[in-house]
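Residue-level structural notes
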Amino acid sequence: MSFIISSAVSLTVHNTDLNQRSTVLNQVVDATAATASPITVTAVDPQTTGKRVTQYLTAMETNFRTGQDAKDVANALVSTMQTLTEQRPDLANAQFDFQSDNGSIKVTSNTLSDSDKTWLQNLLNSNGSLVQAVHAFHSDAVSGYAQWAEADGAPLTDAQSQAISKTVDRKTNFMDIFQQLNTQGAQWVSEGGGTLEGSNGSKIDFSQNAKTAAGFLSFMQSAQIVENGADRYVESNGTVSYGGIKGDLFDQSLMPDFFPTPSTSIGVHETA
């Protein structure tokens, strides 16, 4: 029995935006609507249309690159979360999140004390690979938004680009992204009706809270096993198959959920 993780879920966030742009990608004339009234037909410049289609495709490629960027963030975060659980076991199950903040990392939490947030923030920023991966995600998210706007015929001004950069910082919470992927993993596993196990017999169900250090490490372990296909699927009747679920949870667009609107407004309001 084999289950394949589908990346189609990544398209659901952006279907509305793609539908809004369908008039650009598909120019269809309904001949049945023609009447006796005179009509005017204006030729479309194929070079102009082709250029815009290319711009949209480029924007989509940039959007999907954020999935790999998030994976790089997660991989770089593993060593830091291991250090946290070793040095501060009292924080192993504390819930927190972190964002990009003008090139560095900012920790957010409603439960941690200011001193604990400062300690954790310093720990995250001391990981150069993590800071670089967070910056790459931020850069692609900003570029993806700008490319959509340019394809819409409304390229961003410098002031608008700066506002978008701040918005990406504010709307991107990495531990929340990992928890969302964790939930997807749990849904995919449950669809089979059986039990997914690692090669050592440990159950994989993505039930842990990935917004804590301990939960995140469990999530990454399960995600890696599923990606490698080194797992065992036990059906309800006891039948065992190997590589039961195989796929990359990060293989999708993880853009922040906002896009330019095809109008005079770019859909962003920023107050200095």
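Just so it is clear, the structure is predicted and the values come from calculations on it, not from any experiment.

Rules of the game
- Residues numbered from 1 in each chain as written.
- Predicted model: local features only at pLDDT ≥ 70, side-chain atom pairs only at ≥ 80, totals over all residues.
- Heavy atoms only, no water.
- Helix = DSSP H or I, 4+ residues; strand = E, 2+ residues; numbered from the N terminus.
- Contact = heavy atoms within 4.5 Å.
- Phe/Tyr/Trp six-rings, centres within 6.5 Å; stacked < 30°, edge-to-face > 60°.
- Buried < 20%, exposed > 50% of the residue type's maximum accessible area, 1.4 Å probe, protein only.
- Pairing = 2+ DSSP bridges.
- Axes fitted to C-alpha atoms, helices over the stretch in contact; angles between N-to-C directions.
- Core = buried A, V, L, I, M, F, W, Y, C linked by side-chain atoms within 4.5 Å.

1. Points about the side chain of Q55
When you line up the elements, Q55 lands in helix 3 (residues 46-87). Those residues in contact with Q55 that sit more than four places away from it in its chain are E150 and A151.

2. Describing the packing of aromatic side chains
Applying the stated criterion across every chain, the model contains eight aromatic pairs. Ring geometry for F178 and F250: centres 6.4 Å apart, planes at 70 degrees, overall edge-to-face. With F178 in helix 7 (residues 174-191) and F250 in the segment after strand 7 (245-246), the pair connects residues that are 72 residues apart, well separated along the chain. Of the two residues, F178 and F250, neither departs from the other in class, the shared state being buried. Taken together, the ring pairs connect F178, F206, F216, F219 and F250 into an aromatic cluster.

3. Concerning the sheet that holds strand 6 (residues 240-242)
Taking strand neighbours across the sheet as the criterion, the three strands line up as 4-5-6 in an open arrangement whose pairing is antiparallel. Pairing within the sheet leaves two strands with one partner each, and these edge strands are strand 4 (195-198) and strand 6. Pairs of neighbouring strands in the sheet enclose a mean axial angle of 25 degrees, with direction left out of account. Note that strand 5 (residues 231-234) and strand 6 share three bridges and pair antiparallel. What sits directly across from R232, in strand 6, is Y242.

4. Some points on the nonpolar core
If you look at the biggest cluster of nonpolar residues, it comprises 54 residues, and the most contacted ones within it are F98, F178 and F219. For this core, the elements supplying multiple residues, two or more each, are helix 3, strand 3 (104-108), helix 4 (114-125), helix 5 (128-151), helix 6 (158-171), helix 7 and helix 8 (213-228). Top contributing element to this core by residue count: helix 5, with nine residues. Here F219 is in contact with F178, L181, N182, F206, Q208, A210, L249 and F250, once residues within four sequence places are set aside.

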